[in-house]
Amino acid sequence: MQWDHWRLLSLLSLAGFAGLLFGQMMTFLFLATLVYALWLQHNWYKLWYWLQKPKKRRSPSAEGVIDDVCRLIEQVRQQNSNRKKKLTGYLKRFQSATAALPDAIVVLGEFGEVDWANYSARELLGVHWPRDNNVRINNLIRDPAFQQLLEDPFRFGSITTVKSPLDEDMQLELKLVNYMGAGRLLIARDVTQTIKLQRMRRDFVANVSHELKTPLTVLRGYLEAFSADSDSEQWRAALPAMRQQSERMHIMIKDLLALSQLETGEKALRRVPADVATLLQSIIDDAHNVEHFRDHRFSLNVETDKWLICDIDEVRSAVSNLVFNAVKYTPAASQIDIFWRQEGENFCIAVEDNGDGIADHHLERLTERFYRVDKGRSSDAGGTGLGLAIVKHVLQRHGANLNITSEIGHGSCFSCCFPSRIVIENINV
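Residues numbered from 1 in each chain as written. Predicted model: local features only at pLDDT ≥ 70, side-chain atom pairs only at ≥ 80, totals over all residues. Heavy atoms only, no water.

In the annotation of an unreviewed UniProt entry, the entry for the protein reads histidine kinase, and the organism field reads Methylophaga thiooxydans. Here is the UniProt Catalytic activity (unreviewed entry) comment for the protein, exactly as written: "ATP + protein L-histidine = ADP + protein N-phospho-L-histidine." (UniProt positions renumbered as here; feature names shortened; annotations may be inferred.)

> I'm lost on the overall build of the protein in this one. Help?
The secondary structure content of the protein amounts to twelve helices and 13 strands. Considering only residue pairs separated by 6 or more positions, the protein has 57% of its internal contacts joining residues 24 or more positions apart. Accessible surface computed for the protein: about 26000 Å², of which carbon and sulfur atoms make up 55%. (Helix = DSSP H or I, 4+ residues; strand = E, 2+ residues; numbered from the N terminus. Contact = heavy atoms within 4.5 Å. Areas by Shrake-Rupley, 256 points an atom, 1.4 Å probe, with all protein chains shown as cover.)

> Help me out: how do you make sense of the layout of surface pockets in this one?
To find leftover empty space, a probe the size of one water molecule is rolled over the atoms. As a volume, the second largest pocket reaches approximately 500 Å³. Around the second largest pocket, the lining comprises 21 residues; the ones closest to its centre are K196, E364, R365, T367 and E368. The set of elements that each furnish at least two residues to the lining of the second largest pocket consists of α6 (192-225), α12 (387-397) and β11 (401-407). Counting residues per element, the lining of the second largest pocket draws most heavily on α6, at seven residues. (1 Å grid on protein atoms, 1.4 Å probe; cavity = no way out; pocket = protein on both sides within 12 Å on 5 of 7 lines; lining within 4 Å. Points joined across faces, edges and corners; volume = space filled by probe spheres on them.)

> Would you mind going over the sheet that holds strand β4 (residues 171-179) with me for this structure?
Strand pairs in the sheet, formed through backbone hydrogen bonds, run parallel or antiparallel to each other. Spatial strand order, β2-β1-β5-β4-β3: five strands in an open sheet with antiparallel pairing. One side of each edge strand has no neighbouring strand; the edge strands of this open sheet are β2 (114-117) and β3 (159-163). Between one strand axis and the next, the sheet turns by 25° as a mean value, whatever way the strands run. Examined bridge by bridge, strand β1 (residues 104-108) and strand β5 (residues 183-190) share five bridges and lie antiparallel to one another. Bridging across to β5, A104 finds its partner in A188. (Pairing = 2+ DSSP bridges. Axes fitted to C-alpha atoms, helices over the stretch in contact; angles between N-to-C directions.)

> Mind showing me how you'd approach helix α8 (residues 276-287) here?
Along an α-helix, a turn takes 3.6 residues, which lines up residues three or four apart on a common side. Here α8 spans 16 Å end to end across twelve residues, near enough to the 16 Å set by a 1.5 Å rise per residue. Within α8 the residues assigned to the buried category are V276, L279, L280, I283, I284 and A287. One face of α8 carries all of its buried residues, which in axial projection span an arc of 140°. Its buried side turned inward, α8 meets β6 (271-274), β7 (297-302), β8 (307-311), α9 (312-328), β9 (335-343) and β10 (346-353). One side-chain oxygen of the residue at the start of α8 lies 3.3 Å from the amide nitrogen of A277, identifying that residue as D275. (Expected span 1.5 Å × (residues − 1). Buried < 20%, exposed > 50% of the residue type's maximum accessible area, 1.4 Å probe, protein only. Arc of directions from axis to C-beta. Polar contact = N/O pair within 3.5 Å; in protein donor to acceptor, adjacent residues only side chain to side chain.)

> Explain the environment of G355 here, please?
As for its placement among the helices and strands, G355 is situated in the loop between β10 and α10 (360-363). On the basis of relative accessibility, which here comes to 5%, the residue G355 falls in the buried class. Sequence separation between G355 and I408 is 53 residues; the distance between their C-alpha atoms is 8.6 Å. Beyond its immediate sequence surroundings of up to four residues, G355 is in contact with T330, P331, G409, H410 and G411.

> Is there a simple way to think about the pairing of β8 in this case?
For a regular strand, side-chain orientation follows a simple rule: the groups alternate between the two sheet faces. Of all five residues making up β8, four are buried, and the element is well covered by its neighbours. Judged from the four bridges that link them, β6 and β8 form a sheet pairing that is antiparallel. Opposite A274, over in β8, you have L308 as the bridge partner. Taken together, the two bridges between β8 and strand β13 (residues 423-424) define a ladder with antiparallel strand orientation. Across the sheet, residue W307 finds its bridge partner in β13, namely I424.

> Looking at this model, I keep getting lost on the pairing of β10. Mind explaining?
Most of β10 sits inside the fold, with six of its eight residues counted as buried. By the bridge criterion, eight bridges tie β9 to β10 in an arrangement that is antiparallel. The partner of I336 across the bridge, within β10, is D353. Here β9 folds back onto β10, and the loop between the two strands holds two residues, one of which, G344, carries a positive phi near 70°. Looking at chain direction, β10 and strand β12 (residues 411-419) are connected through seven bridges and run antiparallel. Opposite V351, over in β12, you have F414 as the bridge partner.

> Explain the packing of aromatic side chains to me, please; I cannot follow it from the model alone.
Aromatic ring pairs: the centre-centre distance and the angle between the two ring planes describe each pair. Enumeration according to the criterion identifies three aromatic pairs in this entry. Their ring planes at 10° and their centres at 6.3 Å tell us that F293 and F298 sit as a pair that is stacked. (Phe/Tyr/Trp six-rings, centres within 6.5 Å; stacked < 30°, edge-to-face > 60°.)

Rendered as structure tokens:
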């Protein structure tokens, strides 16, 4: 700015001196002022021209106020560029963090159009971004409960459970909250497993109550019917039934405690090398002493001499459950085949029978606590409905799986498949 003053003063001084020499001072001063004004206009035009595309064009060079203006503009532009880079970084980090969330996040505009969505929204809601950018969300999710949530402003912040547009078996928990003024944020969470666990908990409480109610009713009925003066013959006739019902409750509580220990991990695994062939033979010997044994025929097929690193007591309990169930629920003189073999990368203990078989719709629920295919028949056999649940948890603790196949009229096969990492060579060789 100071340089402009000296430049203007010098120009006017030279013009005044020349005007004195030629006797035309006003003319020379006017011409000098006009030339200076045109020069300034030219430089301001260059400044305007540069401001149209400051990134592609060089800034004008002129000592004085124009140079100061260019310098200030460059500083402001650099500050804005740094601020833009910082905000862009924040936005990318926010989008990356949101995209990594297991919950679906959808940013909605004022009229319910999709402004942005993370990857989980594609998996849970079928909302693809940027493909569905500016598409109304009610055109993508047509569940009536969601439509009501979307249209009712007083329900913002409340939670609604709907079925996923992609999978009817998947239950989603939806929540809609206000976001950045007129915008809204849709949050969806997969609660299928939670709902399933809640249902299982309710069923468990109901089943335990039902299972304990029958023996308690029998015991209470006898106790109410008897008195200190009751005939000994009456007591003698009632004692076997009372003993049977009390034993049934004892076994049930014992199984429940065992199942609880398996689920919570209270009992530590004691992994030791186990000779599977010897273990299976001892289980077969025990099966001959089962109450429901009726001339069943056993066949032990050892197709590999590998040993298993496992908790012997737990594996014995699991396999015994399968073998004893085969004895309980098959007719007399049925054939029961037990295998120790390699299947692909796994090594499996399989129990096959030629009984009545199990319908397909029961197979998925067989390992649920207290689930029975035929409740009356299971009660007669003295089962608690907890055996296969215990088998499943024992195998899970060993990293193994329980595979069940069955066909009506052709029997069933229960396979305990262990990963090869816990199988070793025969150490007696």
